[in-house]
Amino acid sequence: MIVRLVVSLLVLSATPGAICFDTGHHYDLLRSSLTEFGFKDETIKIMQAVNWFADLYSFGSPIPIPMLEYLHVDTLRSTDDALCYWSTLITNTQHAVQNVTMNRSPIDVVYLLSATLHAVQDFYSHSNWVESHPHDDACDCYRSDTFFHYFQNPAYNWSQLPEIYSDSCPSQCPKMSYRNQDWMTPHGDYCQGINKDSIVRPNFNEAYVFAYVASLEWINATMTWINEADPTGTFWEGVRTCTAVDANTDLEAAFKVSLWTMTGTVNMGHWKGSGSGSTLRGLVAYILWMAAPNSQLVESFRSDNINDLMLSPSPYECSSYPQDAPRIYPYKPNVTLSVVVLRTLAMHKYDDDDHRMYGVVYVGAGGGKRNDTTNSTVPLPQQVFIEPTQISGRKFPYWTTMRFLSSEAFPLGNEFIPINYQLWNENVFYEDTLVDIVPVNASTSPVGNNTLPDPKAFPPGTIELTYWPYNKIINGPGVDGVYSNASNSITVSGPEGYVTIYIDTRTISLNCSLNLTNPPLSLHTPPQCPNTASGENGPALVCTPAGADQAMAEFRSALAELLAPLGTFLLLLIVGPIIWCRRRHRACFAPDGKCHCYAPWTCWRVHQQRKKRGRRTINDDDDDEDDDSSNYETSSLLGESSSQPITRGQSKRVTFDKSPEFRQESSSPMYSPNDRGYYNHPTETSSPTTENR
């Protein structure tokens, strides 16, 4: 176990940064897309944990599953590589899904769908798809034409489309080796490279939306393949409601390890961007999870052969892509998708300039589509977004909350969305505290004839807002109006802190493409939208010279945070046994001649001092076992009768006058020197006493 932990820490510290969509973004994407298909909450949690395993057992575990490295879609050097990869993975997945359907194993489909969705989402984070498919200049919409929109579509010719790759420099950079694999090539970190792995990276919003649309298409294709093998639909229902294992422990570990992990000054945290790392907390969370027995989910996932079905043959090793790979069709092309974007521009806790703040945003639950005839509502399922901790009192986060809506279930008409916003202060040694940001004596009034939803039971300090997507109006304590961009934001200030936010609604469609005629193949520079975290805040703080110095200081502080308790622990480990030994064992040597102190030098010193003072040790083991009287205190020893037995292994220290006259008068063999040269019953004072040890 010790070796396993040490290797784990070494692997974790050597893990390259920005290797995929950060854990929190995968977490939210899965929740959004799976909810659209009616997956049960417990099933979604299993899939979120398994999706994290695709990262953990690729880069952060001492017992890796090398095949899982294929799910990060790196080192595609050309469009042909991309076609080869997806053709193979699609074919493998279709066969695997239909095989496990025939075997009636819903949990295998859950594992399979979770892992392959990781690849589907990472493709848009790691490739130049966003750059080669720019949206319009207005920046008020997102494109929905994913890779699957063109794949196996006779209406398009790949030779007429921009070149696709997922490499920082497809023609110049040599391949690097990771775990003896030559396909892994770095694609940058939070400060550079082609990746869009977190909210701090340019074009993150666009990659995130592409990943969501592609996830819907992939889940829909999986459902189609299952229903082809089981036309009754019962097996697909079993997949959506599968709760074969509990994922809560692993999901908690995924959150804590990702939030607090540190792999350098740039990659401080991997929940949603940098700035949340904590060496001590991350180390403790990782050790506790690794040291604990494997959960049922981990054991089941590692022992399952689904990875072989999914990734054999390897998507990276095909020389030509299968021409008969099934097509992935658009998901409900007649349904309009939109996304509600909540940006947090600033936040602060008044009485703490060195705070560690994070946000929790509840979107939905209690609001939804309004029925104009009955004045009732169809509740919009609640989704909880956890925005990453910001250390060292950072007041200008990149927090971007994106809640997707479908026009089929939520047309942009007379509907509202409840949004409950909380600002939390992360504490080290006690529970996190909710910062009260609700304005004092603020009133909430409806807009026009709209009826506000009933207030929900949230703790005091929570801002309870109502958002109307079709006209972008926000109602809430001290808030009433349209605040939909950075230049027109709203600051909500309470007795303990404040936040500055805006909320906007943007459509997702094929009509959002850049209006160009015959775009050149070299077009890889879409407009950098000002209404995004990167467009508003610029590069992440750690990527600027001043920020790099601050990040280095934070990294040193984090190391000190780790080394201080570690040094205290080592000190107690050394000094503690010595103190205990000296207090507990008045004599260092037992009858077997072995030292029972943990520090031999202390034991030897104590022994020498005791010899000089004439102190000796007795033990009933040294007595004659054949003499029954040796098990009792005798009158010759104490000067009085006693029938109290001496427990075997229990020592008695007896002290009395040590004058030469007394020693000469005593002829009992009990007082003769033992084989180590000192007396079994030493003398010290004139009054006989006994002391139990």
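Draft legend 1. Highlighting the packing of helix α2 (residues 23-36) against helix α8 (residues 204-229). The geometry of α2 relative to α8 is characterised by a closest axis approach of 9 Å and an angle of 40° between their N-to-C directions. Looking at the two axes, α2 sits oblique to α8. With respect to the hand of their crossing, α2 and α8 are arranged in right-handed fashion. The segment α2 lies against α8, with H25, D28, L29, S32, S33, L34 and E36 engaging F204, Y208, A211, Y212, S215, L216 and I219. Across the contact of α2 with α8, the residue classes tally to eight nonpolar, four polar and two charged.

Draft legend 2. Fine view of the state of the cysteines. Enumeration over the complete set of coordinates arrives at two disulfides. Residue C141 pairs covalently with C512 via a disulfide, S to S 1.9 Å. Disulfide C141-C512: the torsion about the S-S bond is 90°, which places it as right-handed. Taken together, the residues span a long stretch of sequence, with C141 in strand β1 (residues 141-143) and C512 in the loop between β14 (497-509) and α14 (533-537) at a distance of 371 residues. The pair formed by C141 and C512 is uniform in burial state, with each residue classed as buried.

Draft legend 3. Structural detail: the nonpolar core. Judged by nonpolar contacts, the single largest core of 108 residues is most densely connected at F39, F53, W86 and F147. Ranked by the residues each element gives to this core, the list is headed by α8, at 15 residues. Apart from residues no more than four positions distant in its own chain, F53 is found in contact with S58, L68, D250, W289, L297, V298 and F301. By size, the runner-up hydrophobic cluster in this structure holds 27 residues, among which are V361, V479, I490 and V499.

Draft legend 4. Quick look at the packing of aromatic side chains. Per the stated rule, a full pass over the model turns up 40 aromatic pairs. Their ring planes at 20° and their centres at 5.8 Å tell us that Y124 and F210 sit as a pair that is stacked. Of this pair, Y124 sits in helix α5 (residues 106-126) while F210 sits in helix α8; the two residues are 86 residues apart in sequence, bridging distant segments of the chain. Exposure class is identical for Y124 and F210. Each is buried.

Draft legend 5. Representation of the pairing of strand β8 (residues 417-425) in the model. The buried fraction of β8 is high, at nine of nine residues. What you see with β8 is no split at all: I417, I419, Y421, L423 and N425 on one side and P418, N420, Q422 and W424 on the other are buried throughout. Bridge analysis of strand β3 (residues 357-363) against β8 gives seven bridges, and the strand direction is antiparallel. Bridge pairing in β8 links G359 to L423. In terms of strand pairing, β8 meets strand β10 (residues 463-468) through five bridges, oriented antiparallel. Looking at the pairing, N420 lines up with E464 of β10. Across three bridges, the pairing between β8 and strand β9 (residues 433-435) is antiparallel. Along β9, the bridge assignment pairs L423 with V435.

Draft legend 6. Looking closely at the pairing of strand β2 (residues 337-349). Counted residue by residue, β2 has 13 buried out of 13 residues, so it is predominantly covered. Bridging between β2 and strand β7 (residues 400-406) involves seven bridges; their strand directions are antiparallel. Bridged to L337 within β7 is S406.

Draft legend 7. Fine view of helix α10 (residues 248-260). Taking 1.5 Å of rise per residue, 13 residues should cover 18 Å, and α10 covers 18 Å from first to last C-alpha, within 8% of that figure. By the burial criterion, the buried members of α10 are D250, L251, A253, A254, V257, S258, L259 and W260. Buried residues along α10 sit in contact with α2, α3 (41-59), α11 (279-291), α12 (296-303) and β6 (383-390).

Draft legend 8. Region of interest: the environment of T116. In this fold, T116 is placed in helix α5. You can call T116 buried: its relative accessible area is 0%. Separated by 195 residues in the primary sequence, T116 and L311 place their C-alpha atoms 9.7 Å from one another. Not counting chain neighbours up to four residues away, the residues in contact with T116 comprise T93, W218 and M310. Here L113 takes part through its backbone oxygen, which lies 3.2 Å from a polar atom of the side chain of T116.

Draft legend 9. Broad picture of the packing of helix α4 (residues 79-102) against α5. Close contact between α4 and α5 brings their axes to 10 Å; oriented N to C, the two are set at 165°. With respect to each other, α4 and α5 are oriented roughly antiparallel. Crossing of α4 over α5 shows left-handed handedness. Two secondary-structure elements touch here, α4 through Y85, W86, L89, T93, A96, V97 and V100 and α5 through D108, V109, L112, T116, A119, V120 and F123. Grouping the constituent residues of the contact of α4 with α5 by class yields eleven nonpolar, two polar and one charged.

Draft legend 10. How the structure looks around the pattern of salt bridges. For the structure shown, the criterion picks out 14 salt bridges. Here D41 and R31 are joined by a salt bridge, their closest N and O atoms 2.8 Å apart. Separated by ten residues along the polypeptide, D41 in helix α3 and R31 in helix α2 bring together distant segments of the chain. Its salt-bridge partner being D504, residue R506 comes within 3.0 Å of it at the nearest N-O pair. Like D504, R506 is buried. Here the salt bridges do not stand alone but share partners, grouping D28, K272 and E387 into one network.

Draft legend 11. Quick look at a nonpolar patch on the surface. Residues L566, F569, L570, L571, L573, I574 and V575 make up a contiguous nonpolar surface patch of roughly 660 Å² in combined accessible area. Inspection of the secondary structure assignment puts F569 in helix α15 (residues 545-584).

Reading guide: rules and limits
- Residues numbered from 1 in each chain as written.
- Predicted model: local features only at pLDDT ≥ 70, side-chain atom pairs only at ≥ 80, totals over all residues.
- Heavy atoms only, no water.
- Axes fitted to C-alpha atoms, helices over the stretch in contact; angles between N-to-C directions.
- Helix = DSSP H or I, 4+ residues; strand = E, 2+ residues; numbered from the N terminus.
- Parallel < 35°, antiparallel > 145°, perpendicular 65-115°, else oblique.
- Left-handed = near helix turned anticlockwise from the far one by under 90°.
- Contact = heavy atoms within 4.5 Å.
- Nonpolar A, V, L, I, M, F, W, Y, C, P; charged D, E, K, R; others polar.
- Disulfide = S-S within 2.5 Å.
- Buried < 20%, exposed > 50% of the residue type's maximum accessible area, 1.4 Å probe, protein only.
- Core = buried A, V, L, I, M, F, W, Y, C linked by side-chain atoms within 4.5 Å.
- Phe/Tyr/Trp six-rings, centres within 6.5 Å; stacked < 30°, edge-to-face > 60°.
- Pairing = 2+ DSSP bridges.
- Expected span 1.5 Å × (residues − 1).
- Polar contact = N/O pair within 3.5 Å; in protein donor to acceptor, adjacent residues only side chain to side chain.
- Salt bridge = Lys/Arg side-chain N within 4 Å of Asp/Glu carboxyl O.
- Patch = residues over 30% accessible without salt bridge, like charges linked within 9 Å, V, L, I, M, F, W, Y side chains within 5 Å.
- Areas by Shrake-Rupley, 256 points an atom, 1.4 Å probe, with all protein chains shown as cover.

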